[in-house]
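# Residue-level structure breakdown
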Amino acid sequence: MQRLTVITVLIALLTATGVLASERLDRIVAVADQEIVLASELEREVQGIQSQLMQQGQPLPDLDQLRRQVLERLVMQRLQLAHAQRAGVRIDDATLDAAMQRIAAQNNMTLTQLRSAVAQQGMDFAEFRSDLRDEIAISQLHQAIVQQEVDVSPREIEDAVEAAAAQDNIEYLVAHIRVGTPEGASPEQLQSAEERAKQLREQALEEDTDFQSLAETFSDAASAEDGGVLSWRLPGQLPGSIAEPATELETGEISQVIQAADGFHIVKLLDKRREDAQIVEETKSRHILLQTDEGVTDDDVRQRLESFLERIEEGESFEYLARMYSEDPGSEADGGNIGWTSPGQLVPEFQEQLDKLEPGETSEPFQTQYGWHIVRVEERRERDVTDEQRREQIAQQIFERKSQEALEQWQRQLREESYVDYRLESP
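Residues numbered from 1 in each chain as written. Predicted model: local features only at pLDDT ≥ 70, side-chain atom pairs only at ≥ 80, totals over all residues. Heavy atoms only, no water.

### Some remarks on the overall build of the protein
Helix and strand content of the protein: 14 helices and 10 strands. In terms of overall dimensions, the protein is more spread out than a globule: its C-alpha atoms have a radius of gyration of 28 Å, far above the 22 Å expected for 427 residues. In terms of overall dimensions, the protein has C-alpha extents of about 90 × 55 × 40 Å along its principal axes. Looking at the protein as a whole, 44% of its 427 residues are labelled buried. Nonlocal contacts in the protein, meaning residues at least 24 apart in sequence, comprise 72% of its contacts between residues at least 6 apart. Surface accessibility of the protein: about 22200 Å² in total, with carbon and sulfur atoms responsible for 44%. Between the mean site of the 42 positive side-chain charges and the mean site of the 84 negative ones, the protein shows a separation of 3 Å. (Helix = DSSP H or I, 4+ residues; strand = E, 2+ residues; numbered from the N terminus. Rg over C-alpha atoms; globule rule 2.2 N^0.38 Å. Buried < 20%, exposed > 50% of the residue type's maximum accessible area, 1.4 Å probe, protein only. Contact = heavy atoms within 4.5 Å. Areas by Shrake-Rupley, 256 points an atom, 1.4 Å probe, with all protein chains shown as cover. Lys, Arg positive; Asp, Glu negative; His and termini not counted. Charge placed at Lys NZ, Arg CZ, Asp CG, Glu CD.)

Written out as structure tokens, the structure reads:
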């Protein structure tokens, strides 16, 4: 089930026009355990989605269908927030303030400008903060569920590596829509869900419809907030119900409706690729580190390192000087030896100096966050890291797949164990 995001609501409010009459806005449209959903909340979300679709040039969906879908998401939001509260999830003001700063920065605004933008659209800023607090609470709840439920074993990784090799290491980028069904769904529920999935597929096939917008609006999958897009995955790391159909599609093609235990799925293959060999250039180096303190200035340590350079030019061993004078506890005993490193392993300032040097050359003194250094490049080599990177990627893919499955299963169970009374009437 897609989580409604505060920033989505804000974007929608900045473009939405018109206000519903006040008498329509105080009806209760759903009760979820001890929580309620008001018509005003529902219509705000519906207007937001409609505005987004209009901005993107997408056709507007059937209004009654959209209201029912959004109402179900609001119900799930209420149920998850109540669970988060029972689980002791609390979002303090410092965490909330940091999130506000990130939202403002992402939209090229200051906090003052963000506050003004919210106020200009008639939305109370305290309400905006409250919505954001709820969003963060649900996110933290999801993280806790994943941490508790998901584990990736070395055996799983090895099995997946072998399976990937057997399939030529081809990865697939897919988007999908899931129309969920409850466990033990009745024939009527299954028929209704299948008909809805078929309608969504027909809409997806229309030339002016964006599949990802459709998924974001209507999918019940955890990936809905990302437009239904899963990360690049090997076939074995796609959800089991869609793995085979997805790999049989041509790029850009949309599948038939696929029935599975958790509902009905529609899949679009966005792209596929075969991973090329990954060759990196590694550098073996040594360094001498000196640090400043209350009695030792930057000029002092720079001059001292320059004196080391003179001694090296006169024939003294870099390794000896590092062992005698370096203040790096991790390498001083080994003559300043850093070992073999790949690009990106060291801080940028250090990597920049390495990249300038040929084997046998020593840098001028330079500063990083750790202090002042001189570094000497000893050797360079190329190394094939394809297998290492593939294992890391596969481990991440397994984790993402299992996380999505765990969240969707938990959400289905939460929904089925909760009391929900819908009171939505046709407008």
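Now that the structure has been shown, we can carry on.
### Concerning the environment of Gln47
Looking at the secondary structure, you find Gln47 in helix H2 (residues 39-55). Overall, the relative accessible area of 21% leaves Gln47 in the partly exposed class. Between the C-alpha atom of Gln47 and that of Arg67, which follows or precedes it by 20 residues, the distance is 9.9 Å.

### Quick word on the packing of helix H3 (residues 63-86) against helix H9 (residues 211-218)
Each pair of packed helices can be described by the angle between their axes along with the distance between the axes. Taken N-terminus to C-terminus, the directions of H3 and H9 make an angle of 60°; their axes are 9 Å apart at the nearest point. With respect to each other, H3 and H9 are oriented oblique. Taking contact as the criterion, the partners of Gln65, Leu66, Gln69 and Arg73 in H3 are, on H9, Ala215, Glu216, Thr217 and Phe218. Within the contact of H3 with H9, the residues separate by chemical class into three nonpolar, three polar and two charged. (Axes fitted to C-alpha atoms, helices over the stretch in contact; angles between N-to-C directions. Parallel < 35°, antiparallel > 145°, perpendicular 65-115°, else oblique. Nonpolar A, V, L, I, M, F, W, Y, C, P; charged D, E, K, R; others polar.)

### What about the side chain of Gln237?
Residue position: Gln237 is located in the loop between H9 and helix H10 (240-248). Under the relative-accessibility criterion, Gln237 is labelled buried at 6%.

### Quick notes on the sheet that holds strand E3 (residues 170-180)
Taken together, the three strands give an open sheet; going across it, the order is E3-E5-E4, and neighbouring strands pair in antiparallel fashion. In the strand order of this sheet, the two ends are held by E3 and strand E4 (258-260), each with one partner. For this sheet the average axis-to-axis angle between neighbouring strands, irrespective of direction, equals 40°. As paired strands, E3 and strand E5 (residues 263-274) are joined by 11 bridges and run antiparallel to one another. (Pairing = 2+ DSSP bridges.)

### Quick look at the confidence of the model for the protein
Mean pLDDT for the protein: 89, with 94% of residues reaching 70 or above. Every residue in residues 1-25 is under pLDDT 50, and counting partners more than four places away or in other chains gives 58 contacts. (pLDDT = per-residue confidence, 0-100.)

### Here's the deal with a negative patch on the surface
Among the surface-exposed residues, Glu306, Glu310, Glu313, Glu314 and Glu364 lie close enough to one another that they form a single negatively charged patch. Here Glu306 shows up in helix H11 (residues 298-313). Judged by its relative accessible area of 36%, Glu306 is partly exposed. (Patch = residues over 30% accessible without salt bridge, like charges linked within 9 Å, V, L, I, M, F, W, Y side chains within 5 Å. Salt bridge = Lys/Arg side-chain N within 4 Å of Asp/Glu carboxyl O.)

### As for the packing of aromatic side chains
The final tally for this structure, using the stated rule, is three aromatic pairs. Taking the centre distance of 6.0 Å and the plane angle of 25° together, the rings of Phe125 and Phe128 count as stacked. Of this pair, Phe125 and Phe128 both sit in helix H6 (residues 125-149), three residues apart, which is roughly one turn of the helix. Relative accessible area serves as the criterion here: at 12%, Phe125 is assigned to the buried category. Above the face of the Trp340 ring, Arg381 is positioned so that its terminal group lies 4.0 Å from the ring centre. (Phe/Tyr/Trp six-rings, centres within 6.5 Å; stacked < 30°, edge-to-face > 60°. Lys NZ or Arg CZ within 6 Å of the ring centre and 35° of its normal.)

### Here we look at the sheet that holds strand E10 (residues 420-422)
Spatially, three strands are ordered E2-E1-E10 in an open sheet, and the strand pairing comes out antiparallel. Whereas interior strands pair on both sides, the edge strands pair on one side only; in this sheet they are strand E2 (35-38) and E10. Sheet twist, expressed as the mean angle between neighbouring strand axes with direction ignored, is 20°. Here strand E1 (residues 28-32) runs beside E2; their pairing, made up of four bridges, is antiparallel. Opposite Ile28, over in E2, you have Leu38 as the bridge partner.

### Quick notes on the side chain of Thr181
Positionally, Thr181 belongs in the loop between E3 and helix H8 (187-205). Polar contacts involving the side chain of Thr181 include one to the main-chain amide nitrogen of Gly263, which spans 3.4 Å. Residue contacts for Thr181: discarding those within four places in its chain leaves Leu190, Ala193, Ala261, Asp262, Gly263, Phe264 and Arg412. (Polar contact = N/O pair within 3.5 Å; in protein donor to acceptor, adjacent residues only side chain to side chain.)

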